[in-house]
Amino acid sequence: MLTLSYSRWIFLLSLAALMFISESEGSTFRGIPCWETCFVVRKQHIQTCYEQQLRHDCKTHGFLVTNHRGQKLCIKGDTIWIKDRIAKGQIKCPPDISPPM
């Protein structure tokens, strides 16, 4: 009887530790924020680029870029010049890491 009680305590403590670790990891996750308004802008010298895809909390498709001056911009997803640069391999715009719709 004593071993059964001991094994239950081990099980419960293990379960509590797992729940604590899972909760702390989940609450610190930060996705890329949603830019609700994206613009058609002139060609830019792009330093970094991420594709903002449609997802449950974001209904705007665009490219989140940082230009050579350090400004952060959201360029509309149907802007031709940025799509051409991506297709030619001149810039890389991986998708953001947020969950899909």
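Notes on the structure in this doc start here. The model shown is predicted, which means the values in this text are computed figures rather than measured ones.

**Side note on the nonpolar core**
Right, on to step 1. In this structure, Ile46, Cys49, Phe63, Val65, Ile75, Trp81, Ile82, Ile91 and Cys93 together form the largest nonpolar core, which totals nine residues.
Right, on to step 2. Those residues within four positions of Ile46 in sequence are excluded, and the remaining contacts are Val65, Thr66, Asn67, Trp81, Ile82, Arg85 and Ile91.

**A short note on helix α2 (residues 80–88)**
Right, on to step 1. Residues of α2 that are buried include every one of Trp81, Ile82 and Arg85, and no others. Take α2 and look down its axis: the buried residues cluster within an arc of 100°, on one side only. Facing away from the buried side of α2 by more than 90 degrees, the exposed set consists of Ile80 and Ala87.
Right, on to step 2. Once α2 ends, the next one or two residues include Gly89, with phi positive near 80°.

**Things to note about the side chain of Arg85**
Right, on to step 1. Its place among the elements puts Arg85 in helix α2.
Right, on to step 2. Sequence-distant contacts of Arg85, defined by excluding residues within four places in its chain, comprise Lys43, Gln44, Ile46, Gln90 and Ile91.

**Description of the sheet that holds strand β1 (residues 46–52)**
Right, on to step 1. Taken in spatial order, the three strands of this open sheet run β1-β2-β3, and their pairing is antiparallel. The outermost strands of the open sheet, each flanked by one partner alone, are β1 and β3 (72–76). Shown here is a sheet whose adjacent strand axes are inclined to one another by a mean of 25°, direction ignored.
Right, on to step 2. The sheet contact formed by strand β2 (residues 62–67) and β3 spans five bridges and is antiparallel. Bridge pairing links Gly62 to Lys76 in β3.

Each value, and the rule that gives it
- Residues numbered from 1 in each chain as written.
- Predicted model: local features only at pLDDT ≥ 70, side-chain atom pairs only at ≥ 80, totals over all residues.
- Heavy atoms only, no water.
- Core = buried A, V, L, I, M, F, W, Y, C linked by side-chain atoms within 4.5 Å.
- Buried < 20%, exposed > 50% of the residue type's maximum accessible area, 1.4 Å probe, protein only.
- Contact = heavy atoms within 4.5 Å.
- Helix = DSSP H or I, 4+ residues; strand = E, 2+ residues; numbered from the N terminus.
- Arc of directions from axis to C-beta.
- Pairing = 2+ DSSP bridges.
- Axes fitted to C-alpha atoms, helices over the stretch in contact; angles between N-to-C directions.

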